[in-house]
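Architecture at a glance
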Amino acid sequence: MVARSFQSLTLSHFRSHKHLRIELDPRPVVLHGPNGAGKTNILEAVSLFSPGRGLRRVAAAEMARRPEALGWKLTGALQTHEVEITAEAGSSREVRVDGKITPQIALAELLRMVWLVPSMDRLWIEAPEGRRRFLDRLALSFFPEHADSSLTFEKAMRERNRLLRDQVRDPHWYDALEAQMARSAMDIQTARVDTIYRIAAAQDHAATAFPAADLGLDAGDLGMPDTEAQYRVALADTRGRDMAAGRTLLGPHRADLRARYTAKDMEAKDCSTGEQKALLISIILANARALARNFDAPPIVLLDEVAAHLDEGRRRALYDEIVALGTQAWMTGTGSELFSGLEGRAQFFDVTDEAGISTVRRHE
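As the structure is a computational prediction, the values presented were derived from the model and not from experiment.

When the UniProt feature table is mapped onto this chain, "binding site: ATP" (unreviewed entry) is found at Gly33, Pro34, Asn35, Gly36, Ala37, Gly38, Lys39 and Thr40. Take Pro34: it is sitting in the loop between strand S3 (29-32) and helix H1 (39-47). The residues touching Pro34, leaving out its near neighbours within four places in the chain, are Lys39, Thr334 and Val351. Position of Thr40 among the secondary structure elements: in helix H1. What Thr40 contacts, discounting residues up to four positions off in sequence, is Leu55, Arg56 and Asp304.

Attention now goes to the nonpolar core. Grouped together as the largest cluster of nonpolar side chains are 92 residues, with contacts concentrated most on Phe6, Trp72, Leu318 and Trp330. The greatest single-element share of this core, amounting to 11 residues, is contributed by helix H7 (residues 273-295). Looking at which domains feed residues into this core, each of domain 1 (1-112 + 301-363) and domain 2 (119-296) gives three or more. When sequence neighbours within four positions are dropped, the list of residues in contact with Leu318 reads Phe210, Ile281, Leu285, Leu303, Val306 and Leu310.

This part is about helix H8 (residues 312-325). Across its 14 residues, H8 extends 20 Å between first and last C-alpha, which sits within 8% of the 20 Å expected from 1.5 Å per residue. Of all the positions in H8, only Arg315, Ala317, Leu318, Tyr319, Glu321, Ile322 and Leu325 are classed as buried. In this structure, the buried residues of H8 make contact with H7, strand S12 (300-303) and strand S13 (330-333). Following H8 by one or two positions, Gly326 adopts a phi angle in the positive range, close to 75°.

Let us now look at the layout of surface pockets. When its volume is computed, the largest pocket comes out at roughly 1,200 Å³. Lining the largest pocket are 38 residues, and of these Arg57, Arg132, Arg133, Asp136 and Glu154 lie nearest its centre. Secondary structure elements with two or more residues in the lining of the largest pocket: helix H2 (128-142), helix H3 (146-165) and helix H4 (172-203). Counting residues per element, the lining of the largest pocket draws most heavily on H3, which supplies nine residues. Here the residues of the lining of the largest pocket sort into 16 nonpolar, eight polar and 14 charged. A domain split of the lining of the largest pocket shows at least three residues from each of domain 1 (1-112 + 301-363) and domain 2 (119-296). Considering every element that reaches the lining of the second largest pocket, the biggest residue donor is strand S10 (residues 256-261), with four residues. Of the residues in the lining of the second largest pocket, the class split is five nonpolar, no polar and seven charged.

Attention now goes to the pattern of salt bridges. Two side chains of opposite charge can pair, provided their charged atoms sit close to one another. In the structure shown here, the tally under the stated rule is 29 salt bridges. Between Asp121 and Lys277 there is a salt bridge; the shortest N-O distance is 3.6 Å. A residue pair is termed long-range when its members are at least 10 positions apart, and Asp121 in the loop between strand S8 (113-116) and H2 and Lys277 in helix H7 qualify at 156 residues. Judged on exposure class, the residue Asp121 and its partner Lys277 are both buried.

A contiguous patch of negative charge, built from Glu109, Glu145, Asp148, Asp187 and Glu228, is present on the exposed surface. Here Glu109 shows up in the loop between strand S7 (100-101) and S8.

Reading across the sheet, the six strands line up as S8-S12-S13-S3-S14-S15 and stay open at both edges, with mixed pairing between neighbours. Two strands in the sheet have a free side with no partner beyond their single neighbour: S8 and strand S15 (357-363). Here the strands of the sheet are splayed against their neighbours by 20° on average, with no regard to which way each runs. As defined by bridge partners, S12 adjoins S13 across two bridges and the pair is classed as parallel. Paired with Leu302 across the strands is Trp330, a residue of S13.

What counts and what doesn't
- Residues numbered from 1 in each chain as written.
- Predicted model: local features only at pLDDT ≥ 70, side-chain atom pairs only at ≥ 80, totals over all residues.
- Heavy atoms only, no water.
- UniProt positions renumbered as here; feature names shortened; annotations may be inferred.
- Helix = DSSP H or I, 4+ residues; strand = E, 2+ residues; numbered from the N terminus.
- Contact = heavy atoms within 4.5 Å.
- Core = buried A, V, L, I, M, F, W, Y, C linked by side-chain atoms within 4.5 Å.
- Buried < 20%, exposed > 50% of the residue type's maximum accessible area, 1.4 Å probe, protein only.
- Domains from an automatic or database assignment.
- Expected span 1.5 Å × (residues − 1).
- 1 Å grid on protein atoms, 1.4 Å probe; cavity = no way out; pocket = protein on both sides within 12 Å on 5 of 7 lines; lining within 4 Å.
- Points joined across faces, edges and corners; volume = space filled by probe spheres on them.
- Nonpolar A, V, L, I, M, F, W, Y, C, P; charged D, E, K, R; others polar.
- Salt bridge = Lys/Arg side-chain N within 4 Å of Asp/Glu carboxyl O.
- Patch = residues over 30% accessible without salt bridge, like charges linked within 9 Å, V, L, I, M, F, W, Y side chains within 5 Å.
- Areas by Shrake-Rupley, 256 points an atom, 1.4 Å probe, with all protein chains shown as cover.
- Lys, Arg positive; Asp, Glu negative; His and termini not counted.
- Charge placed at Lys NZ, Arg CZ, Asp CG, Glu CD.
- Pairing = 2+ DSSP bridges.
- Axes fitted to C-alpha atoms, helices over the stretch in contact; angles between N-to-C directions.

Structure below.
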């Protein structure tokens, strides 16, 4: 059974929070307060209850409270289970579910999660790497095994690239690595294409104030073979070219996510800042709708500084959609006035910094 929300969240020596415990109900969560107070740190803690490296994508040691650097601990009580995530000083994360050590990927069976953070606001105008990571995060919300496919591909590709740089020409050194790359590449490609299809289906006929995005997958300058066998042959055929470049030039690591503002028939990169943000929100909402439909429970949605670049009308429309979804969305902003319209429909927390320690107080 997929959980719908947190009933409580406890942080110990995590970032700016020496000790924090929040009691929660299923409604959306509003965290407001000045910049630097520790709001995003709470969202990062929540994001770690899903597979992957969290919304900041940093090592466990970087999340420890300074100057103590004693390690940290997160505890989340869900409707169905209690999850504990710890990182002792100098150690990687360890996940326990109901007291039993559990692989991190198993978290996807307990919670589905999507997020939007300010660094994504420039997604459509910056390098393809960010868009690939965004698409892969969407894919991971549907297909937890996508993480293993990506890790397998990247590990094998790193080994192949090392052989290329060392000018190794014996094909026997490449064959097993390229077989691994081909299998995982097709899994990655399938998950990405299926994710785009699901997002598109969830946008169709949705009554929303946010513009629909027409998404597509660009395979890169050299394209992408259609089958595992074709990709293996292509890798073998291009070893000479890749050796000259010192890296693998063909594969899912070269793909790019395309987006068009459907109503205006305009590339996302050419839209205004506000339109680009609205397109991102539209995709996140479609992702949440698709997950709710597929897993009979809406995902946890994390929206950091979500009010930026949105006018009052779109803010209210966003909040109405979140409430309609029934998701425990976690939202941050500098002031409670940015969440006008959510009074009585959400739980509000004031986050402040007192002598370097984040403090959280609930109010309605």
